[in-house]
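Each chain is listed here by its residues.
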Amino acid sequence: MNKIFLYILLCGYFTTNAQTKKTTLKVYTFPEIEKLHQQNPKPIVAFVYADWCKICFAMKKTTFTNDKIIHLLNNQFYFVKLNAEQKEDIVFFKKTFIYKPSGNKTGINELTKELASINGKISYPTTTILNSNIEIDLQIDNYIGSKNMQTILMKFLTLNEN
């Protein structure tokens, strides 16, 4: 009887433990990416968002928690999140980007303009992919679901194979 109880207890433990182990997305800072890129150049996925943006929040909670997306981003890209309204300076590839106020306690960081401007307009969220030469290859504004994100990332990798 004790063996059966012990067996059931162990099976329950391993089943519960296996379900709670979740892969986490590696999110880098811009200075970290700069250092890592010198050792191992990889494309960069930048997710530009605003704290007040509900669509951005939804994308963080769905797309960027998907195991397939996490695996792709962790292994093939450097992933960075940029709060568009970040007030602290950002140094990225020896250039300093500063916060520019635009009145009424609002403003954006200059790097937001670099990464999220599409036809002169900025919208949130914007997902930008920079190639290994730090050039913008792709910008997509609006929500991207997990399946679409996987397709976009795989297509990018296929088109940019050496």
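Right, let's talk about the overall build of the protein for a bit. Each helix and strand in the protein was counted, giving six helices and 10 strands. Within the protein, the proportion of its 162 residues that are buried is 36%. When contacts within the protein are restricted to residue pairs at least 6 apart in sequence, long-range pairs at least 24 apart make up 62% of them. With the model as given, the accessible surface of the protein reaches about 10600 Å², and the carbon-plus-sulfur share is 55%.

All chains considered together, the criterion is met by two salt bridges. We note a salt bridge from glutamate 34 to lysine 94, for which the minimum N-O separation is 3.7 Å. Taken as a pair, glutamate 34 in helix α2 (residues 30-39) and lysine 94 in the loop between β3 (90-92) and β4 (95-97) lie far apart in primary sequence, 60 residues in all.

With omega at -10°, the peptide bond leading from tyrosine 124 into proline 125 counts as cis. Note on placement: proline 125 falls in the loop between β8 (121-122) and β9 (126-130). Unusually for a residue other than glycine, lysine 94 sits at a positive phi of about 65°. Lysine 94 sits in the exposed class, given a relative accessible area of 71%. Positive phi outside glycine occurs at isoleucine 134, with the angle close to 60°. With respect to the element layout, isoleucine 134 can be found in the loop between β9 and β10 (136-141). Classification of isoleucine 134 by relative accessible area gives partly exposed; the value is 24%.

The next thing to look at is the side chain of threonine 126. Assignment of secondary structure puts threonine 126 in strand β9. A polar contact is formed between the side chain of threonine 126 and the backbone oxygen of serine 123, at a distance of 2.6 Å. If we ignore the near neighbours within four places in the chain, the residues touching threonine 126 are Ala46, Phe47, Val48, Leu115, Ala116, Ile118, Ile140 and Asp141.

Attention now moves to the environment of isoleucine 122. Considering the arrangement of structural elements, one finds isoleucine 122 in strand β8. Spatially, the C-alpha atom of isoleucine 122 lies 9.7 Å from that of alanine 84, the residues being 38 residues apart in sequence. Look past the residues within four positions of isoleucine 122 in its chain and what remains in contact with it is Ile108, Thr112, Lys113, Ala116 and Ser117.

On to the state of the cysteines. Summed over the entire model, instances satisfying the criterion amount to one disulfide. The disulfide bridge from cysteine 53 ends at cysteine 56, spanning 2.4 Å between sulfur atoms. Taking the sign of the torsion about the S-S bond as the criterion, the disulfide between cysteine 53 and cysteine 56, at about 85°, is right-handed. With respect to class, cysteine 53 is no different from cysteine 56; both count as buried.

What follows covers the packing of helix α4 (residues 67-76) against helix α6 (residues 146-159). The N-to-C vectors of α4 and α6 enclose an angle of 30°; their axes lie 9 Å apart at closest approach. Between α4 and α6, the crossing angle belongs to the class labelled roughly parallel. In the crossing of α4 with α6, the sense of the turn from one axis to the other is left-handed. Packed against α4, whose contacting residues are Lys68, Ile69, Leu72, Leu73 and Gln76, the element α6 presents Ser146, Met149, Gln150, Leu153, Met154 and Leu157 at the interface. Per-class residue counts for the contact of α4 with α6 are seven nonpolar, three polar and one charged.

Conventions and cut-offs
- Per chain, the residues get numbers from 1 upward, laid out in the order the sequence is written.
- With pLDDT at 70 or above as the cut-off, local features in this predicted model cover only qualifying residues; side-chain atom pairs require 80 or more to be listed or tallied, and sums for whole chains, interfaces and linings still use all residues.
- Note that water and hydrogens are dropped before the side-chain values are worked out from all heavy atoms of the structure.
- Secondary structure elements follow DSSP: runs of H or I of four or more residues count as helices, runs of E of two or more count as strands, with numbering from the N terminus.
- Relative accessibility thresholds used throughout: buried, under 20% of the residue-type maximum; exposed, over 50%; partly exposed, between the two (1.4 Å probe, protein chains only).
- By definition in these notes, contact holds between two residues if any of their heavy atoms fall within 4.5 Å.
- Accessible surface area values rest on a Shrake-Rupley calculation with a 1.4 Å probe, where residue burial reflects the displayed protein chains alone.
- One side-chain nitrogen of Lys or Arg within 4 Å of one carboxyl oxygen of Asp or Glu is enough to make a salt bridge.
- The definition of a polar contact used here is a pair of N or O atoms within 3.5 Å, where within protein one atom must be able to donate a hydrogen and the other to accept one, and adjacent residues in sequence count solely through side-chain atom pairs.
- Whenever a pair of cysteine sulfur atoms sits within 2.5 Å, that pair is classed as a disulfide.
- To get an axis, fit a line to the C-alpha atoms, keeping to the stretch in contact for a helix; angles then go from 0 to 180 degrees between the N-to-C directions.
- Note on angle classes: values under 35 degrees are labelled roughly parallel, values over 145 roughly antiparallel, values of 65 to 115 roughly perpendicular, and the remainder oblique.
- Should the near helix be turned anticlockwise from the far one by less than a right angle, the crossing is left-handed, and should it be turned clockwise, the crossing is right-handed.
- In this classification, the charged set is Asp, Glu, Lys and Arg, the nonpolar set is Ala, Val, Leu, Ile, Met, Phe, Trp, Tyr, Cys and Pro, and all remaining amino acids, among them Gly, are polar.

Read these as spatial facts, not as claims about activity.
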